[in-house]
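Structural description and commentary
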Number of protein chains: 2
Amino acid sequence: MDNLTKSRHIVGTAATLKPPAYQCNVTFMGLLTARSAKQGIRAVAKRAGVSTASVSRAINNPESVSASLRARIAQAIEAVGYIPHAPARILSSRRSRTLGAIVPTIDNTMFARGIASLQKYLSSVGYMLFLTTSGYDLDIELQQARNLVSRGVDGLVLRGDCHHDALRKMLADNAVPFINVGIYQPDRPYPCVGTDNEAAAHRAAAHVIELGHRRIGIVSALQRNNDRASARVAGFRRALAEADIELPSKWHVEVPYTLDDAREAARYLLSLGERPTAVVCGNDVIAYGVLLEAERSGYSVPRELSVVGFDDLDWSRHLRPSLTTIHVPTAETWQRAGEYLVRHLAGEQTIMHHEVDYSLVVRESTALPSRSPK
Amino acid sequence: MDNLTKSRHIVGTAATLKPPAYQCNVTFMGLLTARSAKQGIRAVAKRAGVSTASVSRAINNPESVSASLRARIAQAIEAVGYIPHAPARILSSRRSRTLGAIVPTIDNTMFARGIASLQKYLSSVGYMLFLTTSGYDLDIELQQARNLVSRGVDGLVLRGDCHHDALRKMLADNAVPFINVGIYQPDRPYPCVGTDNEAAAHRAAAHVIELGHRRIGIVSALQRNNDRASARVAGFRRALAEADIELPSKWHVEVPYTLDDAREAARYLLSLGERPTAVVCGNDVIAYGVLLEAERSGYSVPRELSVVGFDDLDWSRHLRPSLTTIHVPTAETWQRAGEYLVRHLAGEQTIMHHEVDYSLVVRESTALPSRSPK
DNA sequence: CGCTTTTCTGAAAACGGTTACATCCTATCC
DNA sequence: GGATAGGATGTAACCGTTTTCAGAAAAGCG
């Protein structure tokens, strides 16, 4: 307390005056209510002249209490400024109405959108969300999951099906339901909701093949610990294989999730003597990198190089040339993940494997291959 | 509800078969360990042949317990697969080692980056983060704050100083410390960390003025409930005023945070008979919109139109022409907010108003005004 | 070797809710 | 009118930790 006051860094004269006042204020008010507001529910009960049980009932199950009592209690709650203590509630009821989510990183538009959608849905049904990140590290993911379970989450939303074995065991041991989002794997014994990345990637590659391209490069995201990236690569390769197109190993590059890395990969690809006439990319950000680098190097897209993305971020339709890509309804996917868990927790029937449709959006970045490829 | 079930898309026979098996499995394992793992700490205590108090001490304050006991307990914890129950811990210790954060939206690169940084820092010091969103709505922010306080957070990170009055009172009443991030207001009695948006905006506008522009437009973010946006506008206007430059009211437009809106605003601005030779923007996304629309309309940037952004997002240096903008160290800012609260909670000395430096990054989108403005 | 510190450990009372169970009413029905 | 069902409320035992306090053991000391 005291040292705090001293320590405040004070800038300007106005500031020199105000902070102490604030300090005082806070401390005073804190103490003031500390006395009255402690023992939360009992204070309310006393004020309303009822038992704590009634207050609890009035809050959690208003129907179960007479209208007059309900009103009296509501007024007492207001008067005391009562805020229920969630941890106590969780402890005694063994339910938290909270879900946990672990994403590789929040710093990726797709995940940010998904999380936003999930959170919005959850709050609409009275749930909260505990969000953590793993940085594509399975051990960290496990640790975060432990953390969340320890926190008492009722269920867990995970990205993909690429997890530490101990994670699944731990969740089973603690009877915490979970769902893998962003992938679709009907043959696995775990709930999931998402698009079939392999099929969608296949569609993307098929598109450029249909246009007549035979020299096709792949720039994918890092496949390590990323089943979504792997599935997409698998889809690309299957499409090529089915069309009897060979993929020189130097035409397949993997890059991290930044524009700079993508540009570097594109620079490499475009510098090859023997270069592809089309590039399919593991995600839109990578595609942007390819587009930018192609422009910088003086190659015309799509005349000399066709580019396909995957995700359909905002920029894709604004860019010039706009990007042909796979549209994935991220918001819907994540919301459905929430729905699954909420319904599951409510004891309702749920469907374990839910496929979300993708679609190929053809824009300006793809075209027939030029007559005379270098 | 029902229509949801109907709408579910089931593909393949595997899906039809597996779910029941899984259901069984989970339930079984759940019950199995439910018996052995319950009563967490007592199970550990019994197994190690010690009291619950010792186990608790071994976990929270390892030094306070003899080495042999510590080892025995560690082994028991491992054997039982014990995961501490955070709510119980919070209830009993009255500390959660958890901070709450309320941002307008997660779906904005700046906030996403900031949150990521804050979360990373917090987890490095053993704290967790509870993240919620307000959608720029003060009432929702208040409600979310209640929620977080109810959850037992030790402190709160808020965006800016534009809050519901009841919010400050509620936090004071409950003695929950907080900090306003993303702004710098040394004359206000509340802790804050961030850049001086007014000064930075002033710098941005001064830049185009120095280049010789006299016909300057402003495209800002919505100022309502957004002190950061307002401060920037104020800075722009002050710079103009100081240079005796008049700002026709039709040259100041406000837009929401999407590329489409920004483009629309730019379209409007460029369609005016009397149009500016430079546009200063409330953030980079808006600037992107102006850039894109200028290109579409055939105006050359920067020859015919100079554009200045604010934030320095990734795209700004990749775009062609690359964007002159104000660089703001978001990650650092949010991390410092976390540091402030953590140190404050630890009773350490803290600095109440912390200014984070901005810088003007001059790139290709600004230049001298052309000789013959229309 | 007895006495005082100090260190380590255990027993039990919180912490702030929920909820099973008991109790007390008040209609309802024969 | 008395028995009874059923709804509204109260009592008190938990939920799984932490933490105070006190006792036991070990260590230091003259």
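Refer to the structure above for everything that follows.
Here is a short report on the structure shown in this document. These numbers were taken from a predicted model, which means no experiment stands behind them. (Residues numbered from 1 in each chain as written. Chains lettered and ligands numbered in written order. Predicted model: local features only at pLDDT ≥ 70, side-chain atom pairs only at ≥ 80, totals over all residues. Heavy atoms only, no water.)

**Examining the packing of helix 7 (residues 109–124) of chain B against helix 15 (residues 330–345) of chain B**
All names here are of chain B. As a packed pair, helix 7 and helix 15 sit with axes 8 Å apart at the nearest point and diverge in direction by 40°. One way to sum up the angle between helix 7 and helix 15 is to call them oblique. As helix 7 runs across helix 15, the sense of the crossing is right-handed. From helix 7, Met110, Phe111, Gly114, Ile115, Ser117, Leu118, Tyr121 and Leu122 reach across to helix 15, where they touch Thr330, Ala331, Trp334, Gln335, Gly338, Glu339 and Val342. Considered class by class, the residues forming the contact of helix 7 with helix 15 number nine nonpolar, five polar and one charged. (Axes fitted to C-alpha atoms, helices over the stretch in contact; angles between N-to-C directions. Helix = DSSP H or I, 4+ residues; strand = E, 2+ residues; numbered from the N terminus. Parallel < 35°, antiparallel > 145°, perpendicular 65-115°, else oblique. Left-handed = near helix turned anticlockwise from the far one by under 90°. Contact = heavy atoms within 4.5 Å. Nonpolar A, V, L, I, M, F, W, Y, C, P; charged D, E, K, R; others polar.)

**Structural notes on unusual backbone geometry**
All names here are of chain B. Cis geometry is adopted by the peptide bond preceding Pro302, which originates at Val301 and carries an omega value of 5°. Considering the arrangement of structural elements, one finds Pro302 in the loop between helix 13 (284–296) and strand 9 (306–308). The residue after Arg320, namely Pro321, is reached through a cis peptide bond having omega -5°. Here Pro321 is to be found in the loop between helix 14 (315–318) and strand 10 (325–327).

**A few points about the interface of chain B and chain A**
Taken together, the contacts link 77 residues of chain B with 79 residues of chain A. Surface buried jointly by chain B and chain A totals about 7,200 Å² across both partners, of which 63% is contributed by carbon and sulfur atoms. In this assembly, chain B and chain A are joined by four salt bridges. The salt bridge involving Arg113(B) is made with Asp107(A); its shortest N-O contact spans 2.7 Å. Taken together, the links from chain B to chain A amount to 18 residue pairs in polar contact (both at pLDDT 80 or more). By residue number, the principal contributor to the side of chain B that touches chain A is helix 2 (residues 13–37) of chain B, which donates nine residues. Residues belonging to the side of chain B that touches chain A are distributed by class as follows: 41 nonpolar, 20 polar and 16 charged. (Buried area = accessible area lost by both parts, 1.4 Å probe. Salt bridge = Lys/Arg side-chain N within 4 Å of Asp/Glu carboxyl O. Polar contact = N/O pair within 3.5 Å; in protein donor to acceptor, adjacent residues only side chain to side chain.)

**Describing the protein's contact with DNA strand D**
Not every one of the 31 residues close to DNA strand D is listed here, only the nearest: Arg94(A), Ile41(B), Ser56(B), Asn60(B) and Ser92(B). Within 4 Å of the protein, the contacting atoms of DNA strand D are drawn from sugar and phosphate to the extent of 60%. The backbone of Ser51(A) places a nitrogen or oxygen atom 2.9 Å from a phosphate oxygen of DNA strand D. Tyr82(B) is positioned such that a nitrogen or oxygen atom in its side chain is 3.0 Å from a sugar or linking oxygen of DNA strand D. Elements with a minimum of two residues in the surface near DNA strand D: helix 4 (52–60) and helix 6 (86–93) of chain A together with helix 3 (40–48), helix 4 (52–60) and helix 6 (86–93) of chain B. (Near = heavy atom within 4 Å.)

**Considering the relation of the copies chain B and chain A**
The operation relating the two chain copies consists of a rotation about an axis and a shift along that axis. Rotating chain B by 180° and moving it 0.0 Å along the rotation axis overlays it on chain A with an RMSD of 0.1 Å. The relationship between the two copies is best expressed as a two-fold rotation axis. If distances are taken from each C-alpha of chain B to the rotation axis, the shortest is found for Pro87(B), at 2.2 Å. (Least-squares fit on C-alpha atoms with pLDDT ≥ 70 in both.)

**Focus on helix 11 (residues 227–242) of chain A**
All names here are of chain A. Along its 16 residues, helix 11 runs 22 Å from first to last C-alpha, staying within 8% of the 22 Å computed at 1.5 Å per residue. Buried within helix 11 we find Asp227, Arg228, Ala229, Arg232, Val233, Gly235, Phe236, Ala239 and Leu240. Where helix 11 is buried, its residues meet helix 7 (109–124), strand 3 (155–159), helix 10 (197–210), strand 6 (216–221), strand 7 (252–255) and strand 8 (278–281). Backbone geometry just after helix 11 places Asp244 at a positive phi near 55°. (Expected span 1.5 Å × (residues − 1). Buried < 20%, exposed > 50% of the residue type's maximum accessible area, 1.4 Å probe, protein only.)

**Things to note about the protein's contact with DNA strand C**
Close contacts around DNA strand C come from 29 residues, with Ile41(A), Ser56(A), Ser92(A), Ser54(B) and Arg94(B) the closest. If you look at DNA strand C and keep only atoms within 4 Å of the protein, 61% of those are sugar or phosphate atoms. Here a sugar or linking oxygen of DNA strand C and a side-chain polar atom of Tyr82(A) are 2.8 Å apart. A distance of 3.5 Å separates a phosphate oxygen of DNA strand C from a polar backbone atom of His85(A). Looking at the surface near DNA strand C, the elements with two or more residues in it are helix 3 (40–48), helix 4 and helix 6 of chain A together with helix 4 and helix 6 of chain B. It is helix 6 of chain A that provides the largest number of residues to the surface near DNA strand C, a total of five residues. Looking at side-chain class alone, the surface near DNA strand C contains eleven nonpolar, twelve polar and six charged residues.

**Quick word on the sheet that holds strand 11 (residues 353–355) of chain B**
All names here are of chain B. On the basis of which strands lie adjacent, the open sheet formed by six strands has the order 2-1-3-4-5-11 and parallel pairing. If you trace the sheet from one side to the other, it starts and ends with strand 2 (128–133) and strand 11, each paired once. On average, each strand axis in the sheet is inclined to that of its neighbour by 20°, with strand direction left out of account. (Pairing = 2+ DSSP bridges.)

**Observations regarding the environment of Leu222(A)**
Within the fold, Leu222(A) resides in the loop between strand 6 and helix 11. Residues in contact with Leu222(A), not counting those within four places in the same chain, are Ala229(A), Glu254(A), Val255(A) and Pro256(A).

**Topic: the pairing of strand 7 of chain A**
Residues in a regular strand point their side chains to alternate faces of the sheet. Sheet topology places strand 6 of chain A next to strand 7 of chain A; four bridges connect them, and they run parallel. When the sheet's bridge partners are listed, Ile218(A) is paired in strand 7 of chain A with His252(A).

**Thoughts on the nonpolar core**
Core analysis: the biggest nonpolar cluster contains 100 residues, and Val307(A), Trp315(A), Val307(B) and Trp315(B) have the highest contact counts within it. Once residues within four sequence positions are removed from consideration, Trp315(A) is found in contact with Tyr288(A), Leu259(B), Tyr288(B), Leu292(B), Trp315(B) and Leu319(B). With 44 residues, the next largest nonpolar core counts Tyr121(A), Val342(A), Ala337(B) and Leu341(B) among its residues. (Core = buried A, V, L, I, M, F, W, Y, C linked by side-chain atoms within 4.5 Å.)

**What to know about the sheet that holds strand 8 of chain A**
Residues and elements named next belong to chain A. The four strands lie next to each other as 7-6-8-9, forming an open sheet whose pairing is parallel. Looking at strand neighbours, the two that pair on one side only are strand 7 and strand 9 (306–308), the edges of this open sheet. Mean inter-strand twist for the sheet, computed between neighbouring axes without regard to direction, equals 15°. Relative to strand 9, strand 8 runs parallel, the two being bridged by three bridges. Bridge pairing links Ala278 to Ser306 in strand 9.

**Brief notes about the pairing of strand 8 of chain A**
All names here are of chain A. In strand 8, alternate side chains face the same way, and those of Ala278 and Val280 on one face and Val279 and Cys281 on the other are all buried. Bridging between strand 6 and strand 8 involves four bridges; their strand directions are parallel. When the sheet's bridge partners are listed, Ile218 is paired in strand 8 with Val280. Handedness of the crossover joining strand 8 and strand 9 through helix 13 (residues 284–296): right-handed. (Right-handed = clockwise from strand over helix to strand, strands pointing away.)

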